[in-house]
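Descriptive analysis of the structure
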Amino acid sequence: MWRLAALSLVLVLLGVFLFPTVSGFVEQRREVSRLERQIEAQRADIAELEKQKREWNNPDVIERRARERLRFVRPGEVAFTVVDDTGEMLTEPVPGMTAVTNDVHESRPWYGEMWESIRTANEGLPETAPDAP
């Protein structure tokens, strides 16, 4: 009986002393795995950024992006911008667009048109409450 009690006591003590060590080891392995995944994701980001850097060293890419983003053209070329591709007149609103009067286009400079657009952006639209979490 004493041997069984002593063996049980030894096993309980081993469990008490080894549990924190084993749980710490398992937690550290999880942390190492998480950091390894993070490193791989960062390496993929670095590879993508290096690819973009190589692209920006190409003058053709720079010209193409300047044409797309900044609407640059070469001397002698004519640039066209489609303002309203719906086929409707600008003074007739389409869903989601407010009506613009002719005096805005005829007598105001570009910043006047922009201000009119800002001023009338929410007119006539119903107020909506933000979604509650």
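The present account deals with the structure reproduced in this document. (Residues numbered from 1 in each chain as written. Predicted model: local features only at pLDDT ≥ 70, side-chain atom pairs only at ≥ 80, totals over all residues. Heavy atoms only, no water.)

Helix and strand content of the chain: four helices and zero strands. Secondary structure elements of the chain occur, N-terminal to C-terminal, as α-α-α-α. The buried share among the 133 residues of the chain stands at 5%. Put simply, of all contacts in the chain between residues at least 6 apart along the chain, 3% involve residues at least 24 apart. Summed over all atoms, the accessible surface of the chain reaches about 12400 Å², with 62% contributed by carbon and sulfur. (Helix = DSSP H or I, 4+ residues; strand = E, 2+ residues; numbered from the N terminus. Buried < 20%, exposed > 50% of the residue type's maximum accessible area, 1.4 Å probe, protein only. Contact = heavy atoms within 4.5 Å. Areas by Shrake-Rupley, 256 points an atom, 1.4 Å probe, with all protein chains shown as cover.)

As a further point, take the pattern of salt bridges. Applying the stated criterion to the full structure yields eight salt bridges. Between Arg34 and Glu31 there is a salt bridge, and its shortest N-O distance comes to 2.6 Å. With a gap of three residues between them, Arg34 and Glu31 both fall in helix 1 (residues 2–56), about one helical turn apart. On the accessibility criterion, Arg34 (37% relative accessible area) is partly exposed. Among the charged side chains, a salt-bridge network with shared partners connects Glu63, Arg67, Arg74 and Glu77. (Salt bridge = Lys/Arg side-chain N within 4 Å of Asp/Glu carboxyl O.)

Here helix 2 (residues 59–70) contains 12 residues, and its C-alpha end-to-end distance of 16 Å stays within 8% of the 16 Å for a straight helix at 1.5 Å per residue. For helix 2, the complete set of buried residues consists of Val61, Arg65 and Ala66. Looking down the long axis of helix 2, one finds its buried residues gathered within 135° of arc, a one-sided arrangement. Turned more than 90 degrees away from the buried face of helix 2 sit Pro59 and Asp60, all of them exposed. For helix 2, the secondary structure elements touched by its buried residues are helix 1. Here helix 2 starts with a cap whose side-chain oxygen sits 3.0 Å from the backbone nitrogen of Asp60, and that cap is Asn58. A positive backbone phi angle near 60° is found at Arg71, which sits one or two residues after helix 2. (Expected span 1.5 Å × (residues − 1). Arc of directions from axis to C-beta. Polar contact = N/O pair within 3.5 Å; in protein donor to acceptor, adjacent residues only side chain to side chain.)

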